[in-house]
Amino acid sequence: MSEDTAASADERARCWRGRGIAFTPLEIADAELLHHWRSDAVAAHETGVWPGSLYELTERVERHLDDSSRDDFVLLLPDGTPIGLIALHDQQLSEGSAEAYLMLAPEHRGRRHGVAALDALTDLAFGELPMQRVEAFTHTDNAAALAVLAAAGFVQEGVRRSSCLHRGRRYDNAVLSLLRPEWEALDRPRSWEL
């Protein structure tokens, strides 16, 4: 990351906070950083998505910014270091449902930032938006993601068998969700209490 990008990351507005992290709205200029994170072999395998070109990702980010059914955020540490992307997408306000997406930079995995980010995202979904259900999907063999989701209160409710093709192999996807009453029962401070 260039010095200009690092300086601008420190100056970015924080629109939501969690334990040791903050959300800032995704911008088109973030595409290069996202491309770098998505190009990591572990991330590509665990998400089942081939990184593609920077141009293609920039176009996708532009479309996402125009999509009113999603909210995309770059995760920042207190010093402004960007560490990942989190999104609440496919928001169906009439049904009260949405899907959570999380991707962390390789050097920031395994430090509980994922749990803090998902906690903050579900606080946003249930505390500020009219969501009744937030769901997430991941490969059934993605132990790290399953552990992070469980630590954030998500419950595995099923498996979509052979629902993903990646590197010539079919994978099952776990279906997880967190419902409003389950979120209300979580014994932890809410984002607005931090």
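Quick note: structure is the one above.
Described below are features of the structure shown in this document. (Residues numbered from 1 in each chain as written. Predicted model: local features only at pLDDT ≥ 70, side-chain atom pairs only at ≥ 80, totals over all residues. Heavy atoms only, no water.)

Details of the environment of Ala44
Right, so step 1: For Ala44, the location among the structural elements is in helix 3 (residues 41-47).
Right, so step 2: When the C-alpha positions of Ala44 and Arg112 are compared, they lie 20 Å apart, and in sequence the two are 68 residues distant. (Helix = DSSP H or I, 4+ residues; strand = E, 2+ residues; numbered from the N terminus.)

Details of unusual backbone geometry
Right, so step 1: One non-glycine residue, Asp90, lies in the positive phi region at around 50°.
Right, so step 2: For Asp90, the position within the fold is in strand 4 (residues 82-92).
Right, so step 3: Judged by relative accessible area, Asp90 falls into the partly exposed class, the value being 40%.
Right, so step 4: Of note, Ser162 is a non-glycine position whose phi angle comes to about 50°, a positive value.
Right, so step 5: Note that Ser162 resides in strand 7 (residues 155-166).
Right, so step 6: Taking the relative accessible area as the measure of exposure, Ser162 reaches 36% and is therefore partly exposed. (Buried < 20%, exposed > 50% of the residue type's maximum accessible area, 1.4 Å probe, protein only.)

Some remarks on the nonpolar core
Right, so step 1: Ile21, Phe23, Leu75, Ile86, Val134 and Phe154 are the most contacted members of the largest nonpolar core, which has 31 residues in total.
Right, so step 2: Put simply, the parts of the chain that give this core at least two residues each are strand 2 (21-25), strand 3 (71-76), strand 4, strand 5 (97-104), helix 5 (113-127), strand 6 (133-139), helix 6 (143-151) and strand 8 (169-179).
Right, so step 3: When sequence neighbours within four positions are dropped, the list of residues in contact with Phe23 reads Ala13, Arg14, Cys15, Trp16, Phe73, Val74, Leu75, Ile86, Ala117, Ala120 and Leu121.
Right, so step 4: In terms of nonpolar packing, the next biggest core, distinct from the first, is built from 12 residues, Leu33, Trp37, Val61 and Met103 among them. (Core = buried A, V, L, I, M, F, W, Y, C linked by side-chain atoms within 4.5 Å. Contact = heavy atoms within 4.5 Å.)

Let's talk about the pattern of salt bridges
Right, so step 1: In this structure the tally under the stated criterion is eight salt bridges.
Right, so step 2: For Arg12, the salt bridge identified is with Asp30, shortest N-O distance 2.6 Å. Taken as a pair, Arg12 in the loop between helix 1 (3-11) and strand 1 (16-18) and Asp30 in the loop between strand 2 and helix 2 (31-38) lie far apart in primary sequence, 18 residues in all. Note on accessibility: Arg12 and Asp30 belong to one class, buried. (Salt bridge = Lys/Arg side-chain N within 4 Å of Asp/Glu carboxyl O.)

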